[in-house]
Amino acid sequence: MPHPRAEDARASVRTDDARPAANPENVGPAPADATRPAGRPESDGPARADRARPGADAGSARPAHTEETRPAVREPNVRPVYAEEARPAARAEAARPVVQRSSVRGQILDALRTALVAGELAPGEVYSAPALGDRFGVSATPVREAMQQLALEGAVEVVPNRGFRVIERGTRELAELAEIRGLIEVPVMLRLARTVPAARWAELRPLAEATVRAASSGCRATYAESDRSFHRAVLALAGNAQLVRIADDLHRRAQWPLVGGPVSRGRADLVADAAEHTALLDALIAEDLSVVQALVREHFTGAP
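This is a predicted model, so every value here is computed, not measured.

The next point concerns the overall build of the chain. Broken down by element type, the chain carries 14 helices and three strands. Relative to its 304 residues, the chain shows a buried fraction of 31%. Pairs at least 24 apart in sequence give 67% of the contacts found in the chain among residues at least 6 apart. If you sum the accessible surface of the chain, you get close to 18800 Å²; carbon and sulfur atoms cover 55% of it.

This is the structure in structure tokens:
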């Protein structure tokens, strides 16, 4: 026959399984939904808290919900999210230098063109990229890239393991360039002389006067740039960007020095050439087509 106390103990175990563990003094009936389905994990109720604290005083009263058993309320994440963290690509882009290598290459290309027109790069001579880089205070890379562009334009040729040689040009090549320029620009200028109003031609007078001042300085490189600027402005009135680009390239090639000296034309030649610009504008404004035709053809036969 089972001992009475053992029977009471088994009854107590069944009772604890049917209701949530609480204060030992709370001996009220268990709620109807206290029975959990099989396999359901235990809830974070008071019984879990009591089991986690085996040394708790059985006689001390605890509320049904304590800070240990109450569902945790998460504090909102108040840490600021900085733009640098959210947009690393933007930060990397902002950190780039303002001056790109392509800008340095363009500056070196302009400097080499000026040196070429001024006769500082002599025809037939070979120049290395490192030596020119020391001259301009840059590395050899942008100089080499600029020289490659000049090679495409026909100003220099590549010499393997040495550098770049300035092309030797004679009077025949200069005459051929002048002929091509005449075939392209003369018909365009004559057509513009019949269609462009005098007021538009008057707007180009400052450019023509700038060529006169540049020629008076005796600097061939300065005059070459102002001369091309005037011709670009005239051809731009035709509204053909490709025409302007091709004519400007031919004009630049015609300005390279010839074999026999760093500068093929002196100051007097430059001044005479610049005077033709102002005379041409005067004829265009006066709408004197015969004078315009004569000046245009004469201008290209001796174009620098």
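Moving on from the coordinates now.
Here the focus is the packing of helix α11 (residues 220–236) against helix α12 (residues 241–254). Direction vectors running N to C along α11 and α12 enclose 155°, while the axes themselves pass 10 Å from each other. Taken together, the axis directions place α11 and α12 in an arrangement best described as roughly antiparallel. Crossing of α11 against α12: the hand is right-handed. Residues Asp227, Arg228, His231, Arg232, Leu235 and Ala236 of α11 pack against Val244, Ala247, Asp248, His251 and Arg252 of α12. When its residues are assigned to classes, the contact of α11 with α12 shows four nonpolar, two polar and five charged.

Moving on, we come to the confidence of the model for the chain. Taken residue by residue, the chain gives an average pLDDT of 75. The fraction at 70 or more is 63%. Note on residues 78–100: pLDDT under 50 across the span, and five contacts to partners over four residues away in sequence or across chains.

Bringing unusual backbone geometry into the picture now. Although it is not a glycine, Asn161 adopts a positive phi angle of roughly 65°. Mapped onto the elements, Asn161 comes out in the loop between β2 (156–159) and β3 (163–166). Despite not being glycine, Glu287 shows a phi value in the positive range, around 60°. Looking at where Glu287 falls in the secondary structure, it is placed in the loop between α13 (267–286) and α14 (289–301).

We now examine the sheet that holds β2. What the three strands build is an open sheet, ordered β1-β3-β2; its pairing is antiparallel. In this open sheet, the two strands that pair with only one neighbour each are β1 (126–127) and β2. Taken together, the two bridges between β1 and β3 define a ladder with antiparallel strand orientation. Across the sheet, residue Tyr127 finds its bridge partner in β3, namely Phe164. Against the sheet, helix α7 (residues 140–153) touches β2 and β3, its axis set at about 120° to β2.

Further remarks concern the pattern of salt bridges. For the structure on display, the rule yields 14 salt bridges. One salt bridge in this structure joins Glu173 and Arg169, with 3.6 Å as the shortest N-O distance. If you follow the salt bridges from partner to partner, you end up with Glu225, Arg228, Arg232, Asp248 and Arg252 in one network.

On to α13, then. The end-to-end C-alpha distance of α13, which contains 20 residues, comes to 29 Å, matching closely the 28 Å that a straight helix rising 1.5 Å per residue would cover. Within α13, burial applies to Leu270, Asp273, Ala274, Glu276, His277, Leu280, Leu281, Ala283 and Leu284. Two residues or fewer after α13 comes Glu287, characterised by a positive phi angle close to 60°.

Rules and cut-offs
Residues numbered from 1 in each chain as written. Predicted model: local features only at pLDDT ≥ 70, side-chain atom pairs only at ≥ 80, totals over all residues. Heavy atoms only, no water. Helix = DSSP H or I, 4+ residues; strand = E, 2+ residues; numbered from the N terminus. Buried < 20%, exposed > 50% of the residue type's maximum accessible area, 1.4 Å probe, protein only. Contact = heavy atoms within 4.5 Å. Areas by Shrake-Rupley, 256 points an atom, 1.4 Å probe, with all protein chains shown as cover. Axes fitted to C-alpha atoms, helices over the stretch in contact; angles between N-to-C directions. Parallel < 35°, antiparallel > 145°, perpendicular 65-115°, else oblique. Left-handed = near helix turned anticlockwise from the far one by under 90°. Nonpolar A, V, L, I, M, F, W, Y, C, P; charged D, E, K, R; others polar. pLDDT = per-residue confidence, 0-100. Pairing = 2+ DSSP bridges. Salt bridge = Lys/Arg side-chain N within 4 Å of Asp/Glu carboxyl O. Expected span 1.5 Å × (residues − 1).

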